[in-house]
Amino acid sequence: MASNMDKKKYVGVNVVVGLTGGIACYKAVEIVSYLTQMGANVNVAMTSAACEFVTPLTLQSISNNPVVTDLFDTAQQGNVKHIALVEKADIILIVPATANFIGKLATGIADDLLSTTIMAAKAPVLIAAAMNVNMYSNRIVQENINKLKNYGYYIIEPDVGYLACGTVGRGRLAEASKIIEELDKVLFPNKKLSGVKVLVTAGGTQEPIDPVRYISNHSSGKMGYAICEELKNKGAEVILVTGPTKVTPPVGVQLIKVTTALEMYDACLSVFQEVDAVIKAAAVADFRPKITAQNKIKKKDEENNFFIELEKNPDILAELGKLKEKQVMIGFAAETEALLENAEQKLAKKNLDMIVANDVTGRDVGFNADNNQVTILWRNGKIESLPLMTKKDVAHEIVARLIKLIHKE
């Protein structure tokens, strides 16, 4: 679950995880481990029944914090425990939440450490329900869940699946990834691209002539990498397909390194069906040598000219445009003349929703520069000319427009 996530995501975030007495307690161990690895400060509170399923020592070892279980335990000195927990909590997650515990909360009963903690909380509370299918469908339980929703609690409904009692039905604790996704939505409400997967291409490609020479361009990858950073800040899951570059990849993206246009083509097609959007900022070579020499080509004194026969590379964005179904697609047009005319043609020909056009002959803009000045053309004919700004700011503007396209604003 943590393989491609931003490892600084939860730094400075205080999470209280509460466990009640259900067989799904063991799944809470994975969630506490994940949050801790991602930088969160996790404090665990357990009911006495929860301690029958997993030991406090297990959660303490994973969270690196003492686990609290008893409202009246005087072994730990300091503030009243339930007050101390909620004062620093940014969010409280109850996983699993039994029918009994949900009933207690719905009726205002606070007779143990965890229920008392929640009653004193001002932080948002997420409740991941898990119980027998018949208990879950019981009218009283459903009324209690609806009551909690009306009070402002966040309910993570259980999944359908095989239950500990041997039956199959709704009551199984939601998968850890789903619980984390719901937690993110509450913690980071401005993450407007949460749950959205975006393919970004960046950098230039290198088309080999022989083992020591290649055809390429001046692309640095700075623009594409800035876009990835902005997408991550808005909560998107990012797949970055990148040509060779000296730029450090953003933390938390799925990185696919390629060298040639054909490799980038294959990489993009392999993930296209799983993404919601494509931003193609890479500068892909239009042509490649028809034959790549196996050994270094030697200079011959009697020859004044040397010819390389080239053949076309596939147009990656045009091919993706043909396959487009649900995807939002944004392209780039790096031009040296007839900027708007060329960009409009690419917008239509490649079935794009938006294209970002820039004149790469300008001073201190375009390839290798830290700044850019772009014109954005929309499918509906709208044209926006942006002033000179840093590539980071351009990335912000592009992603802001992607959000509009994704959410049809």
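Let me begin by describing the structure that accompanies this report. This is a predicted model, so every value here is computed, not measured.

1. Structural notes on the layout of surface pockets
As a volume, the largest pocket reaches approximately 1000 Å³. Around the largest pocket, the lining comprises 40 residues; the ones closest to its centre are Val284, Asp286, Phe332, Lys346 and Lys350. At the level of secondary structure, the elements contributing two or more residues to the lining of the largest pocket comprise α9 (222-233), α11 (316-323), β16 (328-335), α12 (339-349) and β17 (354-359). In terms of residue class, the lining of the largest pocket is made up of 17 nonpolar, 13 polar and 10 charged.

2. Quick word on the sheet that holds strand β2 (residues 41-46)
Here five strands make up an open sheet; going across it, the order is β2-β1-β3-β4-β5 and the pairing parallel. The open sheet has two edge strands, β2 and β5 (154-156), and neither has a second partner. Each adjacent strand pair in this sheet contributes to an overall mean axis angle of 20 degrees, direction not counted. Two elements, strand β1 (residues 14-19) and β2, share six bridges in a ladder whose sense is parallel. If you follow Asn14 over to β2, its bridge partner there is Asn41. Strand contacts of helix α1 (residues 25-37): β1, β2 and β3 (91-97), with the helix running at about 170 degrees to β1, the strand carrying the most contacts. Sitting on the sheet, helix α8 (residues 176-187) is in contact with β3, β4 (125-129) and β5, with an inclination near 155 degrees to β3.

3. Side note on the environment of Cys228
Looking at the element boundaries, Cys228 is found in helix α9. Remark: the alpha-carbon pair of Cys228 and Thr47, spanning 181 residues in sequence, is separated by 42 Å. Once you skip the residues sitting within four places of it in the chain, Cys228 turns out to touch Val200, Val238, Leu240, Pro250 and Val253.

4. Observations concerning the environment of Phe287
Structurally, Phe287 is set in strand β14 (residues 287-289). Its relative accessible area of 40% is what places Phe287 among the partly exposed residues. For Phe287 and Asn217, which are 70 residues apart along the polypeptide, the C-alpha to C-alpha distance reads 12 Å. Setting aside anything within four residues of it in sequence, one finds Phe287 in contact with Glu207, Leu310, Glu311, Lys312 and Asn313.

5. Focus on the nonpolar core
If you look at the biggest cluster of nonpolar residues, it comprises 38 residues, and the most contacted ones within it are Tyr10, Leu19, Leu35, Leu59, Val95 and Ile179. Elements supplying a minimum of two residues to this core: β1, α1, β2, β3, β4 and α8. Tallying contributions element by element places α1 first for this core, with seven residues. Excluding residues that lie within four positions of it along the chain, Leu19 makes contacts with Cys25, Ala28, Val44, Ala45, Met46, Thr47, Ala50, Val54, Leu59, Val95, Pro96 and Leu114. Of all hydrophobic cores here, the second largest spans 36 residues; its members include Met223, Ile227, Ile279 and Ala395.

6. As for the packing of α1 against helix α2 (residues 56-63)
Packing of α1 against α2 leaves a shortest axis separation of 9 Å and a crossing angle of 20 degrees. If you check the angle between α1 and α2, you find them roughly parallel. Two packed elements cross with a definite hand, and for α1 against α2 that hand is right-handed. Residue-level inspection shows Val29, Val32, Ser33 and Thr36 of α1 in contact with α2, the latter providing Thr58, Leu59, Ile62 and Ser63. Across the contact of α1 with α2, the residue classes break down as four nonpolar, four polar and no charged.

7. A short note on the pairing of β3
Most of β3 is tucked away: seven of the seven residues are buried. By the alternation rule, side chains of β3 split into Ile91, Leu93, Val95 and Ala97 and Ile92, Ile94 and Pro96, which are all buried. Pairing of β3 with β4 involves four bridges; the strand directions are parallel. Opposite Ile92, over in β4, you have Val125 as the bridge partner.

Rules behind the numbers
- Residues numbered from 1 in each chain as written.
- Predicted model: local features only at pLDDT ≥ 70, side-chain atom pairs only at ≥ 80, totals over all residues.
- Heavy atoms only, no water.
- 1 Å grid on protein atoms, 1.4 Å probe; cavity = no way out; pocket = protein on both sides within 12 Å on 5 of 7 lines; lining within 4 Å.
- Points joined across faces, edges and corners; volume = space filled by probe spheres on them.
- Helix = DSSP H or I, 4+ residues; strand = E, 2+ residues; numbered from the N terminus.
- Nonpolar A, V, L, I, M, F, W, Y, C, P; charged D, E, K, R; others polar.
- Pairing = 2+ DSSP bridges.
- Axes fitted to C-alpha atoms, helices over the stretch in contact; angles between N-to-C directions.
- Contact = heavy atoms within 4.5 Å.
- Buried < 20%, exposed > 50% of the residue type's maximum accessible area, 1.4 Å probe, protein only.
- Core = buried A, V, L, I, M, F, W, Y, C linked by side-chain atoms within 4.5 Å.
- Parallel < 35°, antiparallel > 145°, perpendicular 65-115°, else oblique.
- Left-handed = near helix turned anticlockwise from the far one by under 90°.

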